[in-house]
Amino acid sequence: MRSLLLTSDLSAADMDAILAKAGDLKKRLKSGQEVSSLKGKVVGLVFEKPSTRTRTGFEVASLRLGGHSLYLSTNELQLSRGEPIKDTARVLGSYLDIIVARVNAQATVDQLAGFSGVPVVNALSELEHPTQIIADFFTILEAKGRLKGLKIAYVGDGDNVCNSLVMGSAIEGINIAVACPRNYHPSESILEQAQTMSKKTGCIVEVVEDPAKAVRDADIVYTDVWVSMGEESEKDRRLRAFKGYQVNAKLLEGAEPDASVMHCLPAHRGLEITDDVLEGAQSIVWKQAENKLYGAAAVLEWLAEQ
Ligand code: CP
Ligand code: NVA
């Protein structure tokens, strides 16, 4: 039995198998084919935070693969009245086949996995967002035809999405340059792990301060919000720190002429990205968002087969 708690839970072979499934499922589901890889299975979505894409993607994927889904907001579970995670995990695990959880602390998904006895998917924690990276890499494959040897420039906050992107890039041999202010670097331990991995997969994982330096020769320019869920009280400080880290037309000029722009969404136009870039010809953001569905389907089918 496997879980997907961190991007590093996946080998390159695992990731490639999931990406191949995403391609296959996209074709089959778009053509209206009936898929039954989750027949008779119930997927529970334990969510502590809001979500549009990840929640809907996993719910629709469960249904389209012949299974069922249950949305379990933690506000409506006894968790909100103090029932311990390990007790909740044991009970939910005895009803459900797969748990997909969006949480504040990484320790919460770890405990859900430790006590539920069923596969658990991290649908975003403060540390990582591994299923986002599956949809992202699938979108890059569609746009560029390959992953290995490309260069991603990530501009902005060294947050959960950035951590997963850094680790995933190292696993797949994608060069990645993260441009972020000094106090907003990606996780030190993930960076270290990714740099060790990059030596085996032959790519460069680097953190720089200057966005212009990061985007040089980049095939993908990626950004995420400056204020993540749960960081609202830091908003003013963050908006000041990230000034100069906006993905805009001028910054994009420094990348490869055919560079694609990505954003996991939700976006804040005029902050981390300008409207013209988000809506522009180089943006593959809407394809990326659509692919959350096929990424979710691929992860569920892959887990059901382990
Ligand atoms: N990208 C992403 O995870 O979006 P949601 O917060 O809407 O799920
Ligand atoms: N970094 C963002 C990602 C949202 C999908 C957050 O955690 O809010």
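Residues numbered from 1 in each chain as written. Chains lettered and ligands numbered in written order. Predicted model: local features only at pLDDT ≥ 70, side-chain atom pairs only at ≥ 80, totals over all residues. Heavy atoms only, no water.

Q: Would you take a moment to explain the site of ligand 1 for this structure?
A: The environment of ligand 1 is made up of S51, T52, R53, T54, R102, H129, Q132, C264, L265 and K292. A distance of 2.7 Å separates an oxygen atom of ligand 1 from a polar backbone atom of T52. Separating a nitrogen atom of ligand 1 from a side-chain N or O atom of Q132 is a distance of 2.9 Å. Protein chains bury 95% of the 250 Å² of accessible surface belonging to ligand 1 in isolation. Cavity membership is defined here by more than half of the atoms lying within 2 Å of grid points; on that basis ligand 1 lies in the largest pocket. Of the residues assigned to the shell around ligand 1, the class counts are 2 nonpolar, 5 polar and 3 charged. (Near = heavy atom within 4 Å. Polar contact = N/O pair within 3.5 Å; in protein donor to acceptor, adjacent residues only side chain to side chain. Areas by Shrake-Rupley, 256 points an atom, 1.4 Å probe, with all protein chains shown as cover. 1 Å grid on protein atoms, 1.4 Å probe; cavity = no way out; pocket = protein on both sides within 12 Å on 5 of 7 lines; lining within 4 Å. Sits in = over half its atoms within 2 Å of the grid points. Nonpolar A, V, L, I, M, F, W, Y, C, P; charged D, E, K, R; others polar.)

Q: Looking at this model, I keep getting lost on the pairing of strand β1 (residues 42–47). Mind explaining?
A: Across a regular strand the side chains alternate sides, sitting on one face of the sheet and then on the other. Within β1, 5 of the 6 residues are buried, leaving the element largely enclosed by the surrounding structure. Bridge analysis of β1 against strand β2 (residues 68–73) gives 6 bridges, and the strand direction is parallel. Counterpart to G44 in the pairing with β2 is L70. Crossover β1 to β2 through helix α2 (residues 53–64) is right-handed. Of the strand pairs in this sheet, β1 and strand β3 (residues 98–102) are connected by 5 bridges, and their pairing is parallel. Residue pairing for β3: L45 is matched across the bridge by V100. (Buried < 20%, exposed > 50% of the residue type's maximum accessible area, 1.4 Å probe, protein only. Helix = DSSP H or I, 4+ residues; strand = E, 2+ residues; numbered from the N terminus. Pairing = 2+ DSSP bridges. Right-handed = clockwise from strand over helix to strand, strands pointing away.)

Q: Would you take a moment to explain the pattern of salt bridges for this structure?
A: A pair can form between side chains of opposite charge whenever their charged atoms are brought close. This model, assessed by the stated rule, comprises 14 salt bridges. The closest approach of N and O atoms between E279 and R269, which form a salt bridge, is 2.6 Å. Placement of the pair is E279 in the loop between α11 (275–278) and α12 (285–305) and R269 in the loop between β9 (260–263) and α11, with a sequence separation of 10 residues. For E279, a relative accessible area of 45% puts it in the partly exposed group. Salt bridges here are not isolated pairs; linked through shared partners, they connect D157, E231, E234 and R238. (Salt bridge = Lys/Arg side-chain N within 4 Å of Asp/Glu carboxyl O.)

Q: Is there a simple way to think about the nonpolar core in this case?
A: For soluble globular proteins, nonpolar side chains are generally found buried alongside one another. Within the largest apolar cluster, 58 residues are counted, with the highest numbers of intra-cluster contacts made by V100, F137, I152, Y222 and L300. Looking at which element gives the most residues to this core, the answer is α12, with 9 residues. Core analysis: the next-biggest nonpolar cluster, separate from the first, contains 24 residues, A214, A259, L265 and V277 among them. (Core = buried A, V, L, I, M, F, W, Y, C linked by side-chain atoms within 4.5 Å.)

Q: Can you walk me through empty space enclosed by the protein in this structure?
A: Rolling a probe over the atoms, with the probe sized like a water molecule, indicates the empty space that remains. One pass over the full model with this rule turns up 1 cavity of 30 Å³ or more. Taken as a whole, the largest cavity holds about 30 Å³ of empty space. Taken together, T54, F58, T131, K292, G295 and A296 make up the lining of the largest cavity. Put simply, the parts of the chain that give the lining of the largest cavity at least two residues each are α2 and α12. For the lining of the largest cavity, the element with the most residues is α12, which contributes 3 residues. Of the residues assigned to the lining of the largest cavity, the class counts are 2 nonpolar, 3 polar and 1 charged. (Points joined across faces, edges and corners; volume = space filled by probe spheres on them.)

Q: How should I be thinking about the sheet that holds β2 in this particular structure?
A: Strand order in the open sheet formed by 4 strands is β2-β1-β3-β4, and the pairing between neighbours is parallel. For this open sheet the edge positions go to β2 and β4 (120–122), each flanked by a neighbour on one side alone. Along the sheet, successive strands turn relative to each other by an average axial angle of 20°, direction set aside. Pairing of β3 with β4, which is carried by 3 bridges, proceeds in the parallel orientation. Counterpart to I99 in the pairing with β4 is V120. The sheet strands contacting α12 are β1, β3 and β4, and the helix crosses β3 at an angle near 140°. (Axes fitted to C-alpha atoms, helices over the stretch in contact; angles between N-to-C directions. Contact = heavy atoms within 4.5 Å.)

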